Amino acid sequence: MASAPLKCCINPSILSADFVNLEAELARISNADAVHVDVMDNHFVPNLTIGLPVVERLQKVTPVPLDAHLMISDVDRWAPQFADAGVSSVTFHVEASDAPIKLARELRARGAKAGMALRPATPVEPYLDMLSEVDMLLIMTVEPGFGGQAFLDVMLPKIRRARAAIDGSGVDVAIQVDGGITEETITRAAEAGANVFVAGSAVYGKPSPAAAIESLRTNGQLAFTPAAATQ
Ligand code: DX5
Ligand code: ZN
């Protein structure tokens, strides 16, 4: 358990939405904390989604902040443009960045929150010293590239170590988890120390995405405060 009270944030991934009706799909998740937008280039990951022009349009049709997850190569070159487009939070993969500290500073200078993402096989330890340079650490809980995969429980110790490092150093850094988050797995991820949860199929795969967001939020928050649940 983390020492400070955590707020549970639910960021639905529009990767599981209907790409033909994105404006309507965004309207169905107006109670989300942020909209998770998966940008893939068919190079860093074996899948291709949307790029900056579509993200710029999404930005204009929803009041919910955008949380862009860039699964792209040469991210040092492209990520700042997402910040310039007004994207609230821009997350790059450390495996794709030549200069992650420089990039994080550039994103912040352009008014965005900076997020740093780790593939499942990338250890967190080499990056602990630069936590103060970012606003969010994304620990992937599936191999990036596709929605609908099963949550990797073997990532729980990494989440715990990251939470201990963040609480120990007192930096204000959120821990986001992405991949396989459901009403069941969110509890384990939250207990390990994550506080921002991406959910694609567990939101858009339900008849009411808005109700799914509320259930996920309730379960995540309960995992932070188990004592309160019994009062
Ligand atoms: C996968 C993406 C995820 C994906 C999650 O690479 O980064 O954001 O949409 O989908 P679910 O929640 O279905 O695992
Ligand atoms: Zn994602």
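All chains use their own residue numbering, which begins from 1 and follows the written sequence. Chains carry letters from A onward and ligands carry numbers from 1 onward, assigned in written order. The predicted nature of this model means local features are confined to residues of pLDDT at least 70 and side-chain atom pairs, given and counted, to a pLDDT of 80 or more, with totals for whole chains, interfaces and linings taken over all residues. No hydrogens and no water enter the side-chain calculation; it runs on all heavy atoms of the structure.

1. Remarks on the coordination of the zinc ion (ligand 2)
Quick reminder of the rule: Only nitrogen, oxygen and sulfur atoms qualify as donors, provided they sit within 2.8 Å of the metal or within 3.2 Å for Na, K and Ca; with water excluded from the atoms, sites may seem incomplete. Buried means the residue's accessible area, taken with a 1.4 Å probe over protein chains only, is under 20% of the maximum for its type, while exposed means over 50%, and partly exposed covers the values in between.
Within the first shell, the zinc ion (ligand 2) binds the protein through His 36 (NE2), Asp 38 (OD), His 69 (ND1) and Asp 178 (OD), at distances of 2.1 to 2.3 Å. Since its relative accessible area comes to 9%, Asp 178 is described here as buried.

2. Brief notes about the packing of aromatic side chains
Cut-off, in case you're wondering: Ring pairs shown here join Phe, Tyr and Trp side chains whose ring centres sit within 6.5 Å, with only the six-membered ring taken for Trp; geometry is labelled stacked below 30 degrees between planes, edge-to-face above 60, and tilted in between. We call a charge positioned above a ring when the Lys NZ or Arg CZ atom is no farther than 6 Å from the ring centre and deviates by at most 35 degrees from the ring normal.
Considering all chains together, one arrives at zero aromatic pairs under this definition. The ring of Phe 44 is capped by Arg 119, whose NZ or CZ atom sits 4.3 Å from the centre of that ring.

3. Description of helix H4 (residues 100-109)
Filter applied, for reference: Numbered from the N terminus, helices here are DSSP runs of H or I no shorter than four residues, and strands are runs of E no shorter than two. By definition, the arc is the one covered by directions from the helix axis to the C-beta atoms. The criterion used for residue contact is that any of the two residues' heavy atoms lie within 4.5 Å.
Taken as a whole, H4 has its buried residues at Pro 100, Leu 103, Ala 104 and Leu 107. The buried side chains of H4 occupy one side of the element, clustering within an arc of 100 degrees when seen end-on. Away from its buried face by more than 90 degrees, H4 exposes Lys 102 and Ala 109. Buried residues along H4 sit in contact with helix H3 (75-84), strand S4 (89-93) and strand S5 (113-118). Gly 111 sits one or two residues past H4 and shows a positive phi near 95 degrees.

4. With respect to the pattern of salt bridges
Where charged atoms from two side chains of opposite charge come close, those side chains can pair. Test applied: Salt bridge, as used here, is a side-chain nitrogen of Lys or Arg placed within 4 Å of a carboxyl oxygen of Asp or Glu.
Counted according to the given criterion, the structure contains 14 salt bridges. We note a salt bridge from Asp 74 to Arg 77, for which the minimum N-O separation is 3.9 Å. Of the residues examined, Asp 74 reaches a relative accessible area of 40% and is grouped as partly exposed. For Arg 77, a relative accessible area of 52% puts it in the exposed group. In this structure, Arg 119 engages Glu 143 in a salt bridge whose closest nitrogen and oxygen atoms are separated by 3.9 Å. Taken as a pair, Arg 119 in the loop between S5 and strand S6 (136-140) and Glu 143 in the loop between S6 and helix H5 (156-169) lie far apart in primary sequence, 24 residues in all.

5. Overview of the environment of Ala 194
Structurally, the position occupied by Ala 194 is in the loop between helix H6 (185-192) and strand S8 (196-199). As for Ala 194 and Leu 137, which are separated by 57 residues in sequence, their C-alpha atoms are 9.5 Å apart. Ignoring anything within four residues of it in the chain, the contact list for Ala 194 reads Ile 159, Ile 175, Val 177, Ala 189 and Phe 224.

6. Digging into the pairing of strand S2 (residues 35-40)
For clarity, the cut-off: When the strands point away from the viewer, a crossover counts as right-handed if the route from the first strand across the helix to the second turns clockwise.
Among the six residues of S2, six are classified as buried, and the element is accordingly described as predominantly covered. Covered by surrounding structure in S2 are Val 35, Val 37 and Val 39 together with His 36, Asp 38 and Met 40, the residues of both alternating faces. Tracing the backbone out of S2, into helix H2 (residues 52-61) and back to the parallel element strand S3 (residues 66-71) gives a crossover that is right-handed.

7. Here's the deal with the site of ligand 1
As a reminder, the rule being used: If even one non-hydrogen atom of a residue comes within 4 Å of a molecule or strand, that residue is called near it. In protein, a polar contact means a hydrogen-donor-capable atom and an acceptor-capable atom, both N or O and within 3.5 Å, with residues adjacent in sequence counting only if both atoms are side-chain atoms; elsewhere, any N or O pair within 3.5 Å suffices. Each accessible area is a Shrake-Rupley estimate made with a 1.4 Å probe; only the visible protein chains count as cover when residues are assessed. Lys, Arg, Asp and Glu make up the charged group, whereas Ala, Val, Leu, Ile, Met, Phe, Trp, Tyr, Cys and Pro make up the nonpolar group; the residues left over, Gly among them, are polar.
Close to ligand 1 lie 19 residues; Ser 13, Gly 145, Asp 178, Gly 200 and Ser 201 are nearest. One of the side-chain nitrogen or oxygen atoms of Ser 13 is found 2.8 Å away from an oxygen atom of ligand 1. Here an oxygen atom of ligand 1 sits 2.7 Å away from a polar atom, N or O, in the side chain of Asp 178. Out of a free accessible area of 380 Å², ligand 1 has 100% covered by protein chains. Residues that form the shell around ligand 1 fall into these classes: seven nonpolar, ten polar and two charged.

8. Points about the environment of Ala 192
Topologically, Ala 192 is positioned in helix H6. For Ala 192, a relative accessible area of 5% puts it in the buried group. Taking C-alpha positions, Ala 192 is 6.1 Å from Leu 156, a pair spaced 36 residues apart along the chain.

9. What to know about the sheet that holds S8
Strands pair in a sheet through their backbones, by hydrogen bonds, and they do so in one of two ways: parallel or antiparallel. Here is the rule we go by: Strand pairing is assigned whenever DSSP detects at least two bridges linking the two strands. Axes here refer to lines fitted to C-alpha atoms; in helices the fit is confined to the stretch in contact. Angles between the N-to-C directions go from 0 to 180 degrees.
One open sheet holds the eight strands; their spatial order is S1-S8-S7-S6-S5-S4-S3-S2, and the pairing between them is parallel. In the strand order of this sheet, the two ends are held by strand S1 (9-12) and S2, each with one partner. Neighbour-to-neighbour, the strand axes of the sheet open up by a mean angle of 25 degrees, direction not taken into account. Of the strand pairs in this sheet, S6 and strand S7 (residues 174-178) are connected by five bridges, and their pairing is parallel.

10. Points about the packing of H6 against helix H8 (residues 209-224)
Operational definition: Rotating anticlockwise by less than a right angle from the far helix to the near helix defines a left-handed crossing, while the corresponding clockwise rotation defines a right-handed one.
Interaxial distance between H6 and H8 falls to 8 Å at its minimum, and their mutual angle equals 35 degrees. For H6 against H8, the interelement crossing comes out right-handed. Here H6 contributes Ile 186, Thr 187, Ala 190 and Glu 191 to the contact with H8, which in turn contributes Leu 216, Asn 219, Gly 220, Ala 223 and Phe 224.

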